[in-house]
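Coordinate inspection notes
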Amino acid sequence: MALDPNAPVANEAAELAAEEAKRAAARARAVEINKYRAAAWDRAATAFLAGGFISPFITWMIGTRTLTLHDYFQMAFGIGICLVCALLLHFNGRDILEETFK
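Here's what I pulled together on the structure shown here. (Residues numbered from 1 in each chain as written. Predicted model: local features only at pLDDT ≥ 70, side-chain atom pairs only at ≥ 80, totals over all residues. Heavy atoms only, no water.)

What the protein chain contains, in helices and strands, is 2 helices and 0 strands. The globule rule puts the C-alpha radius of gyration for 102 residues at 13 Å, and the 27 Å found for the protein chain is more than 25% above it. Dimensions along the principal axes, computed over C-alpha positions, put the protein chain at roughly 100 × 20 × 10 Å. Every one of the 102 residues in the protein chain was classed for burial, and the buried ones make up 15%. Within the protein chain, counting contacts between residues at least 6 apart in sequence, those at least 24 apart form 80% of the total. Entry remark: accessible area of the protein chain is about 8200 Å², with carbon and sulfur atoms responsible for 68%. Side-chain charges in the protein chain split into 10 positive and 11 negative, and the spacing between the mean points of these groups amounts to 9 Å. (Helix = DSSP H or I, 4+ residues; strand = E, 2+ residues; numbered from the N terminus. Rg over C-alpha atoms; globule rule 2.2 N^0.38 Å. Buried < 20%, exposed > 50% of the residue type's maximum accessible area, 1.4 Å probe, protein only. Contact = heavy atoms within 4.5 Å. Areas by Shrake-Rupley, 256 points an atom, 1.4 Å probe, with all protein chains shown as cover. Lys, Arg positive; Asp, Glu negative; His and termini not counted. Charge placed at Lys NZ, Arg CZ, Asp CG, Glu CD.)

Here is the structure:
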């Protein structure tokens, strides 16, 4: 019985191919998870934008009392805080995507 001289090389090549396939699958899974995380951060940013702009508008539209200058400053401050939070959340999601596709 003669041994096939290419058998160890073939086994090693098959093992390397299987290992590479596992790495590719893990990478694809990590990319999808990070895309999901980035989308969640972006949805939170959108919620802050909507809440920050819609809530003061509704207060202004259906308020039962006349708003004072102080009330308008408070609404402007709330809008500013929501805008800053939305930007930070959006940039965090963007950073996740940038790290994913390096």
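What follows deals with the packing of aromatic side chains. Applying the stated criterion to the full structure yields 1 aromatic pair. With 5.9 Å between their ring centres and 40 degrees between their planes, Phe57 and Trp60 make a pair best called tilted. Here Trp60 and Phe57 lie together in helix H1 (residues 7–62), a separation of 3 residues that amounts to about one turn. Owing to a relative accessible area of 47%, Phe57 belongs among the partly exposed residues under this scheme. (Phe/Tyr/Trp six-rings, centres within 6.5 Å; stacked < 30°, edge-to-face > 60°.)

Summed over all chains, the structure comprises 4 salt bridges. Between Glu20 and Arg23 there is a salt bridge, and its shortest N-O distance comes to 3.7 Å. Of this pair, Glu20 and Arg23 are both found in helix H1, 3 residues apart, which corresponds to roughly one turn of the helix. When salt bridges with common partners are traced through the structure, they connect Glu19, Glu20 and Arg23 into a single cluster. (Salt bridge = Lys/Arg side-chain N within 4 Å of Asp/Glu carboxyl O.)

A cluster of nonpolar side chains, Ile54, Phe57, Ile58, Trp60, Met61, Ile62, Leu69, Tyr72 and Phe73, forms an exposed patch at the surface whose accessible area comes to about 990 Å². Taken together, the elements giving at least two residues each to the nonpolar patch come down to H1 and helix H2 (69–100). Considering every element that reaches the nonpolar patch, the biggest residue donor is H1, with 6 residues. (Patch = residues over 30% accessible without salt bridge, like charges linked within 9 Å, V, L, I, M, F, W, Y side chains within 5 Å.)

A word on the side chain of Asp71. Looking at where Asp71 falls in the secondary structure, it is placed in helix H2. When its relative accessible area of 11% is taken as the criterion, Asp71 is described as buried. When neighbours within four sequence positions are excluded, Asp71 is seen to be in contact with Arg65 and Thr66.

Mapped onto the fold, Asn34 is located in helix H1. Within the structure, the side chain of Asn34 is placed 2.9 Å from the side chain of Arg37, a separation counted as a polar contact. Apart from the residues within four sequence positions on either side, Asn34 is in contact with Ile96, Leu97 and Thr100. (Polar contact = N/O pair within 3.5 Å; in protein donor to acceptor, adjacent residues only side chain to side chain.)

Treat this as a map of the structure, not an account of what it does.
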